[in-house]
Amino acid sequence: MRAEWDDRYTDRQQLWSGRPNGALVAEVAGLEPGRVLDVGCGEGADAVWLARGGWDVTALEVSGVALERAAEHARDAGVTIHWVHAALTEAALPPASFDLVSAQYPALLRTSDAAAERALLAAVAPGGTLLLVHHAGMDTQQAHDSEFDPADYVWPSMVTALLDDDWTVEVDEVRPRVAPEGGAGAHHTDDVVLRARRLR
């Protein structure tokens, strides 16, 4: 995974738009800033936006190439972000310690023990929020010639299936995507948005 994503970033001077994801901006609007984990931070647009909004940001990314770009953008913006170069399931994150865990279109590999799904949930502090956003309909696509097989990845419905009485689902819907212009993936028109709050 690490080499694959490094190659993707190396192939283009800028892979994403450089602006925060629309669903993140919309869903975070009413939240009190605290500690946030940005899962799969890419080139850092969401992380920088959150930091500017007063959040204490930990940004996780498997690609070192992307992290270098993200760190440069943070320096240019004059914000401090804690960078973690690791996959979600390999990161030594403090459990139950983030007021917001944001995963915007994450490429999380599916495993038989649901490791990635459980890692997302485990990071959220009591009273905190999990925000998971993905491209609608991708989970039902057939495997592509590009070797992308939806069955290999984690989708919001898999996370929802693990929620128990310790959680309340605040948003679980498909909506038109507010897509920043100029980045990869702009052809996707609808989002699946899952926002759940951990009660205890």
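Before any of the text, the structure's been laid out above.
The shown structure was predicted, so the numbers you read here are calculated from the model rather than taken from an experiment.

Asker: Now, about the overall build of the protein chain: what can you tell me, with residues and values included?
Answerer: Each helix and strand in the protein chain was counted, giving six helices and seven strands. Across the protein chain, helices and strands are ordered from the amino to the carboxyl terminus as α-α-β-α-β-α-β-β-α-β-α-β-β. The burial tally for the protein chain puts 48% of its 200 residues in the buried class.

Asker: So what's going on with the packing of aromatic side chains? Residues and values would help.
Answerer: The description of an aromatic ring pair uses the distance of the two centres, along with the angle that the planes make with each other. Taken as a whole and judged by the stated rule, the model has zero aromatic pairs. Sitting over the face of the ring of Phe-98, Arg-35 holds its NZ or CZ atom 4.9 Å from the ring centroid. The positively charged end of Arg-177 is found above the aromatic ring belonging to Tyr-105, 4.9 Å away from the centroid.

Asker: Could you give an account of helix 3 (residues 45-52), naming the residues involved and the relevant values?
Answerer: Asp-46, Ala-47, Val-48, Leu-50 and Ala-51 are the residues of helix 3 that are buried. One or two residues past the end of helix 3 sits Gly-54, with phi positive at roughly 95°.

Asker: Tell me about the nonpolar core, and name the residues and values.
Answerer: Taken as a class, soluble globular proteins show a tendency for nonpolar side chains to be buried jointly. Within the largest apolar cluster, 24 residues are counted, with the highest numbers of intra-cluster contacts made by Val-39, Val-101, Leu-120, Leu-130 and Val-159. When contributions to this core are tallied by element, the ones reaching two or more residues are strand 1 (35-39), strand 4 (98-104), helix 5 (115-123), strand 5 (124-135) and strand 7 (190-198). Per-element accounting of this core gives the leading share, five residues, to helix 5. Beyond its immediate stretch of four places on either side in the chain, Leu-120 contacts Val-39, Leu-88, Val-101, Ala-103, Leu-108, Leu-130 and Val-159. Counting residues in hydrophobic clusters, the runner-up holds 22 residues, among them Cys-41, Ala-47, Ala-59 and Ala-74.

Asker: Give me the sheet that holds strand 4: which residues, what numbers.
Answerer: Hydrogen bonding along the main chain pairs the strands of a sheet, whether they run parallel or antiparallel. In spatial order, the strands read 3-2-1-4-5-7-6; together these seven strands make up an open sheet with mixed pairing. Only two strands of the sheet have a single partner each, and these edge strands are strand 3 (82-85) and strand 6 (167-176). For this sheet the average axis-to-axis angle between neighbouring strands, irrespective of direction, equals 15°. On the sheet, helix 4 (residues 64-77) packs against strand 2 (56-61) and strand 3 and is oriented at approximately 175° with respect to strand 3. In this fold helix 5 packs onto strand 1, strand 4, strand 5, strand 6 and strand 7, with an angle of close to 140° to the strand it touches most, strand 5.

Asker: Lay out unusual backbone geometry in plain terms, naming residues and giving numbers.
Answerer: A positive phi angle is found at Ala-96, which is not glycine, with a value near 50°. For Ala-96, the location among the structural elements is in the loop between strand 3 and strand 4. Accessibility expressed as a relative area gives 31% for Ala-96, which makes it partly exposed. For Ala-114, which is not a glycine, the phi torsion comes out positive at approximately 55°. For Ala-114, the position within the fold is in the loop between strand 4 and helix 5. By relative accessible area, Ala-114 is classed as buried at 11%.

What counts, and at which threshold
Residues numbered from 1 in each chain as written. Predicted model: local features only at pLDDT ≥ 70, side-chain atom pairs only at ≥ 80, totals over all residues. Heavy atoms only, no water. Helix = DSSP H or I, 4+ residues; strand = E, 2+ residues; numbered from the N terminus. Buried < 20%, exposed > 50% of the residue type's maximum accessible area, 1.4 Å probe, protein only. Phe/Tyr/Trp six-rings, centres within 6.5 Å; stacked < 30°, edge-to-face > 60°. Lys NZ or Arg CZ within 6 Å of the ring centre and 35° of its normal. Core = buried A, V, L, I, M, F, W, Y, C linked by side-chain atoms within 4.5 Å. Contact = heavy atoms within 4.5 Å. Pairing = 2+ DSSP bridges. Axes fitted to C-alpha atoms, helices over the stretch in contact; angles between N-to-C directions.

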